[in-house]
Amino acid sequence: MFIRYEVADKIATISLNRPEAANAQNPELLDELDEAWRAAAADDDVAVIILRGEGKHFSSGHDIKGSGSADGHGKMTLEEIIQYESRRYLEYTLRWRNTPKPSIAAVQGRCIAGGLLLCWPCDLIIAADDAKFSDPVVAMGIGGVEYHGHTWELGPRKAKEILFTGRAITAEEAEKVGMVNRVVPRAELDTATRELAASIAKMPPFGLRQAKRAVNQTLDVQGFYAAIQSVFDVHQTGHGNALSVSGYPILVNLEQMKTKVKSEL
């Protein structure tokens, strides 16, 4: 319902297909997305995976509908929140990151908060010139989204800047710090991404798997995996604080974040 999955010429294309909601991530979308990643990983005819979004925006992040929604965590205990987020925001994201095939995210428009959890696990990111990346959840009293790729993707000072201010960084800024591989005109995004995928698909599959493993294991030796796990726990202190102070969610801050996100779309 929310994901389109196609395979052609050794390339699996996974498309977020909820454009009317700026590809906001409800539980069903994330579950379908994980199924698509699993299918691509298991298919011997797939050499490269492309992740893209239909419509104007790549993804506006988690679908925050208010106190009654699953992602809004309105009537959930801290234990239930951690169980929910451990699966869909940590387990899924790490599995996609470690899928033993090269992956490319094609990002256009806005990529907000939870949207980063979709593109960061990919090995390469091609951004349209209108792409902007942001994580404004500090406005909710939380120190960043569940999967803390910020420091690794942006470096510590730029990571602090976007978290402290909540501002979006442009595709050009993201390319300068190495988070994005290439920036292309919006009209050329799909073509450029597919051309890159096709060139990679010509390489020996075993060599590609080993190259990816070498880079990912180097990051893990440097502390990536341990940091992701520990900062996930830091993220949960934000939920715990909200529950203990005034009940979850903090409605004023949640509404402020909703307004901020809507203003960016």
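Every value quoted in this text rests on a predicted model; they were computed, and no experiment measured them.

What counts, and where the lines are drawn
Residues numbered from 1 in each chain as written. Predicted model: local features only at pLDDT ≥ 70, side-chain atom pairs only at ≥ 80, totals over all residues. Heavy atoms only, no water. Buried < 20%, exposed > 50% of the residue type's maximum accessible area, 1.4 Å probe, protein only. Helix = DSSP H or I, 4+ residues; strand = E, 2+ residues; numbered from the N terminus. Pairing = 2+ DSSP bridges. Salt bridge = Lys/Arg side-chain N within 4 Å of Asp/Glu carboxyl O. Phe/Tyr/Trp six-rings, centres within 6.5 Å; stacked < 30°, edge-to-face > 60°.

Quick look at the pairing of strand 6 (residues 124–128) now. When you tally the buried positions in strand 6, you get four out of five residues, the bulk of the element. Direction of pairing for strand 4 (residues 103–107) relative to strand 6: parallel, over a ladder of four bridges. Bridge pairing in strand 6 links Ile 104 to Leu 124. Relative to strand 9 (residues 182–184), strand 6 runs parallel, the two being bridged by three bridges.

Here we take up the sheet that holds strand 8 (residues 169–170). Strands sit in the order 5-7-8 across an open sheet of three strands; the sheet is mixed. Two strands in the sheet have a free side with no partner beyond their single neighbour: strand 5 (110–112) and strand 8. Of the strand pairs in this sheet, strand 7 (residues 132–134) and strand 8 are connected by two bridges, and their pairing is antiparallel. Bridging from a neighbouring strand, Phe 133 pairs with Ile 169 of strand 8.

This part takes up the pattern of salt bridges. By the definition in use, this model includes 16 salt bridges. Put simply, Glu 6 and Arg 4 hold a salt bridge, and the shortest N to O gap is 3.8 Å. Of the residues examined, Glu 6 reaches a relative accessible area of 42% and is grouped as partly exposed. In this structure, Asp 31 engages Arg 88 in a salt bridge whose closest nitrogen and oxygen atoms are separated by 2.9 Å.

To continue, consider the packing of aromatic side chains. Scanning the model with the defined rule gives five aromatic pairs in all. Ring plane angle 15 degrees and centroid distance 6.0 Å describe the contact between Trp 37 and Trp 96, whose orientation is recorded as stacked. One end of the pair, Trp 37, is in helix 1 (residues 27–42); the other, Trp 96, is in helix 2 (residues 78–97), with 59 residues separating them in the sequence. There is no split in this pair, since Trp 37 and Trp 96 are both buried. Measuring from ring centre to ring centre gives 5.9 Å for Tyr 92 and Trp 96, while their planes differ by 35 degrees; the resulting arrangement is tilted. Here the residue Tyr 92 and the residue Trp 96 both occupy positions in helix 2, the gap between them amounting to four residues, near one helical turn. Judged by relative accessible area, Tyr 92 falls into the buried class, the value being 3%. Using a relative accessible area of 1% as the deciding quantity, one classes Trp 96 as buried. Through a chain of ring-to-ring contacts, the aromatic side chains of Trp 37, Tyr 92 and Trp 96 assemble into a single cluster.

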